[in-house]
Amino acid sequence: MKLALFGGTFDPVHRGHLAIARAAADKFDLGLIYLVPADLPPHKGNRALTDFHHRFAMLALATEGDERLVPSLLEANSGHPNYSIYTVRRLKNTLKKSDKLYFLIGIDAFMEISTWKQPVQLLGECNFIVAGRPGYSLADVGRALPKKLRSSAELHANGTIALPSTTIHLLPDVKERVSSTQIRAVAAQSIKRLSRYVPEPVAAYIKKQRLYA
């Protein structure tokens, strides 16, 4: 089976996240995409996160009805920062040798990949799918690579970067443009507008639990 890991804070999950996951599943014939909310993300600074159980509940509501999208507890109750290198290895230990794992990530996050924990090793663990957006190209993805890997990177016209142990695929622009920051601001002002940005069950949950108020 071909499957992917899609991590993030998902605070909250929104239509943009779902559009990226579904576009990746369609283009790369992925049987499953594990959406992994971070318990203690190392790159989110001092902003207080919504409790993990709320973020996981919203993911469960948002993905109901799409068997390819699976909310995951891989990073739940970890007690330490959730570094992707360890999460990927933990997931790989549960897979069959014949399974093929991808790491699904947005272009904005990938541009910071060199600052992540053990980025060279992470890029050697599995193939990557980078979800693009207007203004970014495959060359930008190549320039974001750790310096140690740049000289060996081969950019191809089919939208891939070949590395010695990894292939990076650029997923063409996904049309849904929305951010979790924007949604939190909207929720604080007018809960009625939320369904423009998140699935109806998620909007109802945010309203019921009085999140982001």
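Keep in mind that this is a model prediction, so the values were computed, not measured. Within any chain, residue numbers begin from 1 and follow the written order of that chain's sequence. For this predicted model, a pLDDT threshold of at least 70 governs which residues receive local features, and a threshold of 80 or more governs which side-chain atom pairs are given and counted, while totals over whole chains, interfaces and linings are taken from all residues. Note that the side-chain values use all heavy atoms of the structure and ignore hydrogens as well as water.

Here we look at the packing of helix H2 (residues 52-63) against helix H9 (residues 200-209)
The test is simple: Structural elements are reduced to axes, namely lines fitted to C-alpha atoms, with helices fitted over the stretch in contact, and the angle between N-to-C directions of any two is expressed from 0 to 180 degrees. For the purposes of this entry, the term helix denotes a DSSP run of H or I that reaches at least four residues, the term strand denotes a run of E that reaches at least two, and both are numbered from the N terminus. An angle below 35 degrees is treated as roughly parallel, one above 145 as roughly antiparallel, one from 65 to 115 as roughly perpendicular, and anything else as oblique. Here a crossing is called left-handed whenever its near helix is offset anticlockwise from the far helix by less than a right angle, and right-handed whenever the offset is clockwise. By the convention used here, residues are in contact when the closest approach between their heavy atoms is within 4.5 Å. Amino acids are sorted into nonpolar (Ala, Val, Leu, Ile, Met, Phe, Trp, Tyr, Cys and Pro), charged (Asp, Glu, Lys and Arg) and polar (every other residue, Gly among them).
Contact geometry for H2 and H9: axes closest at 8 Å, N-to-C directions at 150 degrees. The orientation of H2 with respect to H9, classified from their angle, is roughly antiparallel. The handedness of the crossing between H2 and H9 is right-handed. Contacts from His53, His54, Ala57, Met58, Leu61 and Ala62 in H2 reach Pro201, Val202, Tyr205, Ile206 and Gln209 in H9. A class-by-class count of the residues in the contact of H2 with H9 yields 8 nonpolar, 3 polar and no charged.

Remarks on the sheet that holds strand E6 (residues 154-156)
Using the following cut-off: Pairing between two strands is assigned when DSSP locates at least 2 bridges connecting them.
Taken in spatial order, the 8 strands make up an open sheet running E3-E2-E1-E4-E5-E8-E7-E6, and their pairing is mixed. Looking along the sheet, the strands with just one partner apiece sit at the ends: strand E3 (69-71) and E6. On average, adjacent strands in this sheet sit at an angle of 25 degrees to one another, irrespective of strand direction. Relative to the sheet, H2 contacts strand E2 (32-37) and E3, its axis offset from that of E2 by approximately 155 degrees.

Concerning the pairing of strand E4 (residues 100-106)
To be explicit about the condition: Working definition: with a 1.4 Å probe on protein chains only, accessible area under 20% of the residue-type maximum means buried, over 50% means exposed, and in between means partly exposed.
When you tally the buried positions in E4, you get 5 out of 7 residues, the bulk of the element. Here 5 bridges tie strand E1 (residues 2-8) to E4, and the two strands are oriented parallel to one another. Bridge pairing in E4 links lysine 2 to lysine 100. Bridge count for E4 against strand E5 (residues 127-131) is 5 bridges, and the pairing is parallel. Each residue of the ladder has a partner; that of glycine 106, found in E5, is alanine 131.

Thoughts on helix H8 (residues 180-189)
Note the following rule: This arc is taken over the directions from the axis of the helix to the C-beta atoms.
Residues of H8 that are buried include every one of Ser180, Ile183, Arg184, Val186 and Ala187, and no others. Projection of H8 onto a plane perpendicular to its axis shows the buried side chains occupying an angular sector of 165 degrees, all on one side. Among the exposed residues of H8, those pointing more than 90 degrees away from its buried face are Thr181 and Gln189.

A closer look at the nonpolar core
Here is the rule we go by: We define a nonpolar core as any set of buried Ala, Val, Leu, Ile, Met, Phe, Trp, Tyr and Cys residues linked to one another through side-chain atoms lying within 4.5 Å.
One finds Leu30 and Ile33 to be the most contacted residues of the largest nonpolar core, which totals 37 residues. At the level of secondary structure, the elements contributing two or more residues to this core comprise E1, helix H1 (15-28), E2, H2, E4, E5, H8 and H9. A per-element tally of this core places H1 first, with 7 residues. When residues no more than four places from it in sequence are discounted, the contact partners of leucine 30 are Lys2, Leu3, Ala4, Ala24, Ala25, Arg68, Tyr102 and Ile129. In this structure, Tyr34, Val36, Leu138 and Ala144 belong to the second largest nonpolar core, which totals 29 residues.

Thoughts on the environment of tyrosine 102
Relative to the elements of secondary structure, tyrosine 102 occurs in strand E4. Among the residues examined, tyrosine 102 registers a relative accessible area of 3% and is labelled buried. C-alpha of tyrosine 102 to C-alpha of serine 151: the two residues are 49 residues apart in sequence and 23 Å apart in space. Dropping the residues within four chain positions of it, tyrosine 102 is found in contact with Lys2, Leu3, Ala4, Leu5, Leu30, Cys126, Asn127, Ile129 and His169.

Quick word on the side chain of histidine 169
Among the structural elements, histidine 169 can be located in strand E8 (residues 167-171). When its relative accessible area of 15% is taken as the criterion, histidine 169 is described as buried. Apart from the residues within four sequence positions on either side, histidine 169 is in contact with Phe28, Tyr102, Phe128, Ile129, Val130, Gly159 and Thr160.

Digging into helix H3 (residues 84-92)
In an α-helix, one full turn covers 3.6 residues, which means residues spaced three or four apart are oriented alike. Among the residues of H3, those classed as buried are Ser84, Ile85, Thr87, Val88 and Leu91. In an axial view of H3, the angular spread of the buried residues amounts to 165 degrees, which keeps them on one side of the axis. Against E1, E2, E4 and helix H5 (119-125) lie the buried residues of H3.

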